[in-house]
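Commentary on secondary and tertiary structure
So you can see what is in the structure, the chains are spelled out below.
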Amino acid sequence: MSAPDKNKRVIIVRVESDIVLHPLGTLYMGNELKKAGYDVRVYNIFKHEIARTVEAIVEAKPLFAGFSTMTGLQTKYTHQMSEAVRARDKDIKIVWGGVHPTLLPEDCLKENCVDIVVMGEGEEIIVALADCLLSGGDLKGVRGIGYKSAGKLVIDSQRQFIKDLDKYEPDWSLLDDFEKCVTTLPDGMRQMDFVASRGCPYNCAFCYNLKFNDRRWRKHSFEYVINKIGYLRREHNIRAIHFHDDNFFVDMERAFRILEALKNMDVIATSCMIRLEVISDDIVNRLRALGVRRIFVGVESGSDRVLKMINKELTRETILEKFRLLSKFRDISVTAACIIGFPTETWNDIYKTIDLGVTISEIFPDVVVTFQTFIPYPGSRLYEVALENGFSLPRHMSEYDTFDTYKGEMNLTWLPWADEKTKTIFYRIDKYGKLLTHSKGSSPLRTAGKELFYRLSKARLRNRFFAFPWEISVLHKFNRYYNPKCPI
Ligand code: B12
Ligand code: SF4
């Protein structure tokens, strides 16, 4: 066997803060590079592995190092890593791709440590880019990228959307540590993530979809999905799939065909996203029969004014009606995602959302209610509204850790009435929302514990009392011990 061509070495990195799930995008691109004869390495790392990975990149001296990043904490770490590589070897080309550079290509390119940005889906572009860099060609010929030329930024915004997704597949053998991407569920089942379609046709005003996917929805075929998950089942004993599609049920019949075929393969869907208004008795019955454990629904707000403003195409009454329907079925769990702090919101709007979350938990005990703080993601319509109301992006990539709700650091500059305390209160509201779930636990002790925390959280949320949050510290300790992968 001949030694791999050193000039054809490419490294793709994705760095996560706390949890590492499935870096699907990098595996799709890695496969294309591999097929085109490149010697590709994919690093899927935690932040504490940054220094070691920088070392590996410098030593490998690749044709380019490609970084995958979304907006937020990841941007900060990606920047930190890119700077470290640049400081050690200025000849290594640095390429950024993913949601963040797609939405803000100029901002990324302004950084000294970023040479090229790739906008949108990377499967086709990354090979064209690698070929161009290898042959010393003119970057002008590569569609969908941005770069610097004679001190100027050149952005080619003519990005293409992949027509036939089935042409591309993730190559799991590229993972340095496969087990890092497997979650073991309490019943011992091995779970992995999968994305069976891309995009969403809806038009929610806070969502990245408008700009990133142009509201298009494209799917992998039924056969493709079953074939790939069949591989994971056979080769890696994966028995549970968490579908991360933005909207798994755009084509309802296809979605159910996939779930049915999975059941026949002895694989269950642990979670998938569905729009609340399509839920009916029949749909829930079918989901239960197929063993789907959890559905994820966007509730967003308890204020009809806000629901209208964000184009959710839902009303408070429809939301309650759907949870009453769900309450007839106890063997399916629901995550109800709410957002607080939308531009133009008042405390009154926020209280309506909190009260709706609590009411939902009274109707349907097996619900996890999240109250994430609104984040003005560039490219969304509400980003513009946030700008008009006083928001500005972090001045430097190193400040993007504040552009994230994981740690409650988001400055609420688009809300004229909000102060430092407000962001801490928002953070606590989210944590108390998560304690509202009070379905039966795996033992009488757990059931009693859940019930106790439920009552305390409900009282706090209803009475708007968020001082001395000792329950949150208890929850943190519990999760660190029992569920280290959980970001709560
Ligand atoms: C799974 C997932 C996660 C997982 C991460 C899994 C992982 N390692 O990818 C977890 C749960 C950790 C996660 C966390 C967060 N997520 Co997330 N996540 C997703 C989700 C649902 C699927 C990602 C995926 O696999 N897509 C499929 C693959 C094929 O697409 P892709 O990753 O975008 O990659 C393609 C292109 O972007 C491009 N590309 C990507 N990287 C690169 C690199 C190079 C060099 C090139 C050339 C091209 C390129 O090519 C790829 C192939 O086409 C997306 C929504 C979605 N459906 O995409 C949200 C999404 C990306 N997440 C989002 C957010 C907001 C977050 C959080 C910030 C949430 C929060 N507030 O806490 C955190 C950030 C945590 C952190 N570490 O900083 C937003 C991003 C918005 C934005 N402007 O960046 C999205 C779009 C969801 C949404 N609707 O808002 N997330
Ligand atoms: S339904 Fe969900 S994925 Fe679709 S546009 Fe709205 S928020 Fe985005």
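Residues numbered from 1 in each chain as written. Chains lettered and ligands numbered in written order. Predicted model: local features only at pLDDT ≥ 70, side-chain atom pairs only at ≥ 80, totals over all residues. Heavy atoms only, no water.

Glancing now at the site of ligand 2. Looking at ligand 2, the residues that line it are C200, Y202, C204, F206, C207, N209, D246, R275 and K312. Among the residues forming the shell around ligand 2, the class breakdown is 5 nonpolar, 1 polar and 3 charged. (Near = heavy atom within 4 Å. Nonpolar A, V, L, I, M, F, W, Y, C, P; charged D, E, K, R; others polar.)

Another point: the packing of helix α13 (residues 347-363) against helix α16 (residues 444-463). At a minimum axis distance of 10 Å, the contact between α13 and α16 shows a crossing angle of 150 degrees. Between α13 and α16, the crossing angle belongs to the class labelled roughly antiparallel. Both α13 and α16 take part in a crossing whose hand is left-handed. Contacts between α13 and α16 involve I354, D355, V358, T359, S361 and E362 on the former and, on the latter, Y454, K458, L461 and R462. For the contact of α13 with α16, the class distribution of residues is 4 nonpolar, 2 polar and 4 charged. (Axes fitted to C-alpha atoms, helices over the stretch in contact; angles between N-to-C directions. Helix = DSSP H or I, 4+ residues; strand = E, 2+ residues; numbered from the N terminus. Parallel < 35°, antiparallel > 145°, perpendicular 65-115°, else oblique. Left-handed = near helix turned anticlockwise from the far one by under 90°. Contact = heavy atoms within 4.5 Å.)

A few words on the sheet that holds strand β9 (residues 190-194). With mixed pairing, the 7 strands of this open sheet are ordered in space as β8-β9-β12-β13-β14-β15-β16. For this open sheet the edge positions go to β8 (183-184) and β16 (367-373), each flanked by a neighbour on one side alone. Relative to strand β13 (residues 268-273), strand β12 (residues 240-243) runs parallel, the two being bridged by 3 bridges. Looking at β13, one finds that I241 is bridged to A269. Together, β14 (294-300), β15 (333-340) and β16 form the strand contacts of helix α12 (residues 316-326), whose direction differs from that of β14 by roughly 160 degrees. Along the sheet, helix α15 (residues 420-434) makes contact with β15 and β16, crossing β16 at roughly 170 degrees. (Pairing = 2+ DSSP bridges.)

Here the focus is the domain arrangement of the protein chain. Split into domains, the protein chain comes out as domain 1 (6-155) and domain 2 (181-482). The centre of domain 1, based on its C-alpha atoms, is set 30 Å off from the matching centre of domain 2. If you look at the interface, domain 1 gives 28 residues, while domain 2 gives 25 residues. When domain 1 packs against domain 2, the two sides together hide about 2400 Å² of surface, and 62% of this comes from carbon and sulfur. Taken together, domain 1 and domain 2 are joined by 4 salt bridges. Here domain 1 is connected to domain 2 by 6 residue pairs in polar contact (both at pLDDT 80 or more). Those elements that provide at least two residues to the side of domain 1 that touches domain 2 are α1 (24-35), α3 (73-88), α4 (99-103) and α5 (105-109). Among the residues making up the side of domain 1 that touches domain 2, the classes are represented as 11 nonpolar, 11 polar and 6 charged. (Domains from an automatic or database assignment. Buried area = accessible area lost by both parts, 1.4 Å probe. Salt bridge = Lys/Arg side-chain N within 4 Å of Asp/Glu carboxyl O. Polar contact = N/O pair within 3.5 Å; in protein donor to acceptor, adjacent residues only side chain to side chain.)

Before going further, it helps to examine unusual backbone geometry. A positive phi is found at D266, a non-glycine position, where the angle reads about 65 degrees. As for its position among the elements, D266 is in the loop between α9 (252-264) and β13. Even without a glycine there, the phi angle at T344 is positive, about 75 degrees. Take T344: it is sitting in the loop between β15 and α13.

This paragraph deals with the site of ligand 1. Neighbouring ligand 1 are 38 residues; E16, S68, T71, E123 and Y377 lie closest to it. E16 is positioned such that a nitrogen or oxygen atom in its side chain is 2.8 Å from a nitrogen atom of ligand 1. With respect to ligand 1, the backbone of T71 contributes an N or O atom lying 2.7 Å from an oxygen atom. Contributions of two or more residues to the shell around ligand 1 are made by β1 (9-16), α1, β3 (64-68), α3, α4 and α6 (123-135). The element contributing the most residues to the shell around ligand 1 is α1, with 4 residues. Counted by class, the shell around ligand 1 contains 17 nonpolar, 14 polar and 7 charged residues. For the shell around ligand 1, the domains that each give at least three residues are domain 1 (6-155) and domain 2 (181-482).

What follows is about the nonpolar core. In terms of nonpolar packing, the biggest core is built from 149 residues, with F243, L259, I295, V297, V299 and F323 touching the most fellow members. Looking at this core element by element, the count peaks at 7 residues for α6. Counting the residues that make up this core, at least three belong to each of domain 1 (6-155) and domain 2 (181-482). Those residues within four positions of L259 in sequence are excluded, and the remaining contacts are F243, F248, F249, A269, L287, L290 and V292. (Core = buried A, V, L, I, M, F, W, Y, C linked by side-chain atoms within 4.5 Å. Buried < 20%, exposed > 50% of the residue type's maximum accessible area, 1.4 Å probe, protein only.)

This part is about the side chain of Q74. Residue placement: Q74 occurs in helix α3. You can call Q74 buried: its relative accessible area is 6%. Each residue touching Q74, except ones within four places of it in the same chain, is listed here: R14, V15, E16, S68 and T69.

Scanning the model with the defined rule gives 20 aromatic pairs in all. Here the aromatic residues F206, F342, F374, Y377, Y383, F391, Y400, F403 and W414 are joined through ring pairs into a cluster of three or more. Seen from the ring of F222, R257 lies directly overhead, with NZ or CZ sitting 3.8 Å from the centre. (Phe/Tyr/Trp six-rings, centres within 6.5 Å; stacked < 30°, edge-to-face > 60°. Lys NZ or Arg CZ within 6 Å of the ring centre and 35° of its normal.)

Further remarks concern the sheet that holds β1. Spatial strand order, β2-β1-β3-β4-β5-β6-β7: 7 strands in an open sheet with mixed pairing. Across the chains shown, the open sheet's two edge strands, defined by having one partner strand only, are β2 (39-46) and β7 (152-155). Neighbour-to-neighbour, the strand axes of this sheet turn through a mean angle of 20 degrees, independent of strand direction. Two elements, β1 and β3, share 5 bridges in a ladder whose sense is parallel. Bridge pairing in β3 places I11 opposite A65. In the packing of α3 onto the sheet, the strands contacted are β1, β2, β3 and β4 (93-97), and the crossing angle to β4 comes to about 170 degrees.

Glancing now at the state of the cysteines. Considering all chains together, one arrives at 0 disulfides under this definition. Left unpaired, C108 is separated from the closest cysteine sulfur, that of C113, by 9.6 Å. Look at C108 and you get buried, because its relative accessible area is 0%. (Disulfide = S-S within 2.5 Å.)

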